[in-house]
Amino acid sequence: MSAANNNSLSLTSLTVANATVALEQGLAAIRAGQTTFDLSQVTAVDSAAVSVMLAWQRAAAQAGVRLNLQNLPDPLKSLTKLYGVCPLIASAPASVAEEPALSPANLHHH
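The structure displayed is predicted, hence computed values, not measured ones.

Draft legend 1. Highlighting the nonpolar core. Ranked by size, the top nonpolar core spans 26 residues in total, and within it Leu14, Phe37, Met53, Trp56 and Leu69 carry the most contacts. Every element with two or more residues in this core is listed here: helix H1 (19-31), helix H2 (47-62) and helix H3 (74-82). Sort the elements by how many residues they give to this core and H2 lands first, with 8 residues. In contact with methionine 53, not counting residues within four places along its chain, are Leu14, Leu39, Leu69, Leu72, Leu76, Thr80 and Ile89.

Draft legend 2. Fine view of the pattern of salt bridges. Applying the stated criterion across every chain, the model contains 1 salt bridge. Linking lysine 77 and aspartate 74 is a salt bridge whose minimum nitrogen-to-oxygen distance equals 3.9 Å. Taken together, the residues span about one helical turn, with lysine 77 and aspartate 74 both in helix H3 at a distance of 3 residues. Aspartate 74 sits in the exposed class, given a relative accessible area of 54%.

Draft legend 3. Fine view of unusual backbone geometry. Residue asparagine 71 is not a glycine yet carries a positive backbone phi of 55 degrees. Structurally, the position occupied by asparagine 71 is in the loop between strand S4 (68-70) and H3.

Draft legend 4. Representation of H1 in the model. In a regular helix each residue adds 1.5 Å, so 13 residues correspond to 18 Å; H1 covers 18 Å between its end C-alpha atoms and thus fits that length. Among the structural elements, strand S1 (13-14), strand S2 (36-38) and H2 are those in contact with the buried residues of H1. With its phi angle positive at about 100 degrees, glycine 33 sits one or two positions after the end of H1.

Draft legend 5. Structural view of the side chain of glutamine 57. Its location among the elements puts glutamine 57 in helix H2. Taking relative accessible area as the criterion, glutamine 57 reaches 14% and is therefore assigned buried. In this structure the side chain of glutamine 57 is engaged in a polar contact, spanning 2.9 Å, whose partner is the backbone oxygen of isoleucine 89.

What counts and what doesn't
- Residues numbered from 1 in each chain as written.
- Predicted model: local features only at pLDDT ≥ 70, side-chain atom pairs only at ≥ 80, totals over all residues.
- Heavy atoms only, no water.
- Core = buried A, V, L, I, M, F, W, Y, C linked by side-chain atoms within 4.5 Å.
- Buried < 20%, exposed > 50% of the residue type's maximum accessible area, 1.4 Å probe, protein only.
- Helix = DSSP H or I, 4+ residues; strand = E, 2+ residues; numbered from the N terminus.
- Contact = heavy atoms within 4.5 Å.
- Salt bridge = Lys/Arg side-chain N within 4 Å of Asp/Glu carboxyl O.
- Expected span 1.5 Å × (residues − 1).
- Polar contact = N/O pair within 3.5 Å; in protein donor to acceptor, adjacent residues only side chain to side chain.

The following block contains the structure:
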């Protein structure tokens, strides 16, 4: 991608009202080679946001890339904790992601 700073999806909300559009926008960005999404402009979220982000992560994995979701708003972080999908959504550094699943560093509660 020619513009390294072009990692925003131009989303201010990620709700059921715009989930389909947001999903398609993210999938198109992944197909275009974008691997970092900055969600700092997102101010409204609901449970649809979690589904959309899981679909983005699944598409990135299928494309063989790691998707880095940055600047998740606090309400969105809370939803990922509520649904128990933090590890599936969060973008952990490779060194953390490669640790054994039962290492003491990975045993924590949300």
